[in-house]
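# Secondary and tertiary structure notes
The residues making up each chain are set out below.
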Amino acid sequence: IDIKDLTTEQAKKEIQTLQDRLTDYGIAYYEKDAPLVEDHVYDEQYARLQALEQAFPQFISQDSPTQNVGGAQTKSGLPKVQHPVPMLSLGDVFSLEELQEWEDRTKKALGFQPKYNLELKIDGLAINLKYEQGKLVQASTRGNGLVGEDVTANVMTIKDVPKTLPEAVTVEVRGEIYMPKASFAKLNEEREAEGQEPFANPRNAAAGSLRQLDARETKKRNLSAFIYYTAEPDQLGVTTQAGLLDRFRELGLPTNPDNRVIDKMSEVGPYLEEYTAKREGLPYGIDGVVVKVNNFDDEIDLGNTVKVPRWAIAYKFPPEEAETVVRDIEWTV
Ligand code: NAD
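Scoring rules and cut-offs
Residue positions within a chain follow its written sequence, with the count starting from 1. Local features in a predicted model are, by the rule used here, given only for residues with pLDDT of at least 70; side-chain atom pairs are given and counted only at 80 or more, and totals for whole chains, interfaces and linings are based on all residues. With hydrogens and water set aside, each side-chain value is computed from the structure's full complement of heavy atoms. Helix numbering and strand numbering both begin at the N terminus, where a helix is a DSSP run of H or I of at least 4 residues and a strand a DSSP run of E of at least 2. Only protein chains enter the accessibility calculation, which uses a 1.4 Å probe; a residue is then buried when its area is under 20% of its type maximum, exposed when over 50%, and partly exposed in between. In protein, a polar contact means a hydrogen-donor-capable atom and an acceptor-capable atom, both N or O and within 3.5 Å, with residues adjacent in sequence counting only if both atoms are side-chain atoms; elsewhere, any N or O pair within 3.5 Å suffices. Note on contacts: a residue pair qualifies if any of its non-hydrogen atoms lie within 4.5 Å across the two residues. Here, any two strands with at least 2 DSSP bridges between them count as paired. Lines fitted to C-alpha atoms define the axes, with helix axes restricted to the stretch in contact, and inter-axis angles between N-to-C directions lie between 0 and 180 degrees. A patch consists of residues exposed above 30% relative accessible area that lack any salt bridge, with like charges linked at up to 9 Å and nonpolar side chains (Val, Leu, Ile, Met, Phe, Trp, Tyr) linked at up to 5 Å. In this description, accessible areas are obtained by the Shrake-Rupley approach with a 1.4 Å probe, and a residue is regarded as covered only by the protein chains that are shown. Salt bridge, as applied in this entry: a Lys or Arg side-chain nitrogen positioned within 4 Å of an Asp or Glu carboxyl oxygen. Here Asp and Glu are counted as negative and Lys and Arg as positive; His is not counted, and neither are the chain ends. Throughout, a charge is located at the NZ atom of Lys, the CZ atom of Arg, the CG atom of Asp or the CD atom of Glu. Residues are labelled near a given molecule or strand when at least one of their non-hydrogen atoms is within 4 Å of it. Residues are grouped as follows: Ala, Val, Leu, Ile, Met, Phe, Trp, Tyr, Cys and Pro are nonpolar; Asp, Glu, Lys and Arg are charged; all remaining types, including Gly, are polar.

### Digging into the side chain of Thr-230
The topology assignment puts Thr-230 in strand β8 (residues 224-230). The class of Thr-230 is buried, set by a relative accessible area of 1%. Within polar-contact distance, the side chain of Thr-230 engages the backbone oxygen of Glu-172 at 2.7 Å. A polar side-chain atom of Thr-230 sits 3.0 Å from the main-chain amide nitrogen of Glu-232. Here Thr-230 is in contact with Val-171, Glu-172, Val-173, Leu-236, Leu-244 and Phe-248, once residues within four sequence places are set aside.

Here is the structure:
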């Protein structure tokens, strides 16, 4: 039913149902690494809940999935870690029109046209790495954004993550732990041969593999990483997102090579087209493109909501299965 045709009572009921259902989906996805539904099903219901809550804000509850960063933090038996700077999620858009609306809001808030850094949205799970005097001393998951899980021993087994940096910097950096497609295929083959349930996708496989109580198990899973964020750019002497990625490269931190700076949003098209085409051939999964304001001063001005930064947005690709179906229809008609 169209939201404007709902009675308050109907809206309340639907909001409650969606909040409960999405919470259950979130537990299966984040705690058990075993989703009950496909992501696009979750995303559609989430978008409906967001729209309903916007129209009927009196029914937004503190524990609504729209108000919380989803993530596991209590069930796995791993020690907890507090994040002094919260680890956030990302807002998402599913069309160029929605992206344009985000850019209009951004320009209005800043009062000028910012530059953007475009990055691939890596389909893995967020990680926080703490370096002291150039030594990796702690690794933690996002959890609920405020409290994550200590996965230091597990991350120590990941080849791509440097244990020592070439400079004695003290800094916390963040990025994505992911499972390359080849490792994912191999892992699922082995699991099926052993009569275990295969993982639904590389992201769930990466999360399940990282959140192991036995680090030797993580080591066997061939995880990789891309680092893309720090809340302390001053520690690294940089003022822009693209500059930060270059600085990470200098420090030997694994970064994705495919970022690009654009002067205005109308230049986003070729990048989206290029990586929609390249997506299938990449050795790791991506589920979209992240647009970030490039200048950290602009980032600070825009700030964050309780759940997402206002200075970045994820443009999500349509689900791969759906693309295949569309192509099949075009072929046969
Ligand atoms: P998200 O994964 O959509 O986006 C936020 C995350 O993107 C960040 O935390 C970060 O880890 C990651 N990221 C990857 N590349 C990045 C880059 N270059 N820069 C910055 N961040 C980058 O958000 P989320 O809150 O973690 O999860 C929501 C997603 O999980 C939705 O896609 C939803 O479909 C899915 N989900 C599915 C189910 C289900 O039942 N299928 C349940 C819950 C959530």
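### Brief notes about the sheet that holds strand β9 (residues 260-262)
Spatially, five strands are ordered β2-β11-β10-β3-β9 in an open sheet, and the strand pairing comes out mixed. Across the chains shown, the open sheet's two edge strands, defined by having one partner strand only, are β2 (92-93) and β9. Its contacts with the sheet put helix α3 (residues 96-110) on β2, β3 (116-122), β10 (286-293) and β11 (312-316), and the angle it makes with β11 is roughly 175°.

### Digging into a negative patch on the surface
Together, Glu-97, Glu-98, Glu-101 and Asp-104 line one region of the surface with negative charge. Structurally, Glu-101 is set in helix α3. For Glu-101, a relative accessible area of 46% puts it in the partly exposed group.

### Some remarks on the environment of Ile-127
Structurally, the position occupied by Ile-127 is in strand β4 (residues 125-132). Those residues in contact with Ile-127, other than ones at most four positions away along the chain, are Met-87, Ala-139, Ser-140, Thr-141, Val-151, Val-155, Val-173, Arg-174, Gly-175, Glu-176, Ile-177 and Leu-210.

### Here's the deal with the site of the ligand
In the vicinity of the ligand lie 24 residues, with Val-37, Asp-43, Ser-89, Glu-176 and Arg-203 positioned nearest. One nitrogen or oxygen atom from the side chain of Arg-203 is found 2.7 Å from an oxygen atom belonging to the ligand. Surface burial for the ligand is 94%, taken as the share of its 830 Å² of free accessible area covered by protein chains. If you list the elements that add at least two residues to the shell around the ligand, you get α1 (8-31), α2 (39-55), β3 and β10. Taken together, the residues that form the shell around the ligand break down as 13 nonpolar, one polar and 10 charged.

### Some details on the sheet that holds β4
Strands sit in the order β5-β4-β7-β8 across an open sheet of four strands; the sheet is antiparallel. Bordering the open sheet on either side are β5 (135-141) and β8, each of which pairs with just one other strand. For this sheet, the mean angle separating the axes of adjacent strands, direction not counted, is 35°. Two elements, β4 and strand β7 (residues 171-178), share seven bridges in a ladder whose sense is antiparallel.

### Description of the pairing of β11
Successive residues of a regular strand alternate their side chains across the two faces of the sheet. Along β11, five of the five residues are buried, which leaves the element largely enclosed by surrounding structure. Side-chain alternation along β11 places Ala-312, Ala-314 and Lys-316 on one buried face and Ile-313 and Tyr-315 on a second face that is also buried. Both β2 and β11 contribute to a ladder of two bridges, which runs parallel. The residue bridging Asp-92 from the neighbouring strand is Ala-314, located in β11. Pairing of β10 with β11, which is carried by five bridges, proceeds in the antiparallel orientation. Bridge pairing in β11 places Val-290 opposite Ala-314.

### Side note on the pattern of salt bridges
Under the definition given, this model contains 19 salt bridges. A salt bridge links Glu-103 to Lys-107, with the nearest nitrogen and oxygen atoms 3.4 Å apart. A residue pair is termed a helical-turn pair when its members lie 3 or 4 positions apart in one helix, as Glu-103 and Lys-107 do in helix α3 at four residues. As a salt-bridge pair, Glu-190 and Lys-186 come within 3.6 Å of each other at their nearest N and O atoms. In this pair, Glu-190 and Lys-186 are both assigned in helix α5 (residues 181-193), four residues apart and thus about one turn of the helix distant. By sharing partners, the salt bridges in this structure join Asp-33, Glu-149 and Arg-211 into a single network.

Geometric values such as these leave the question of function open.
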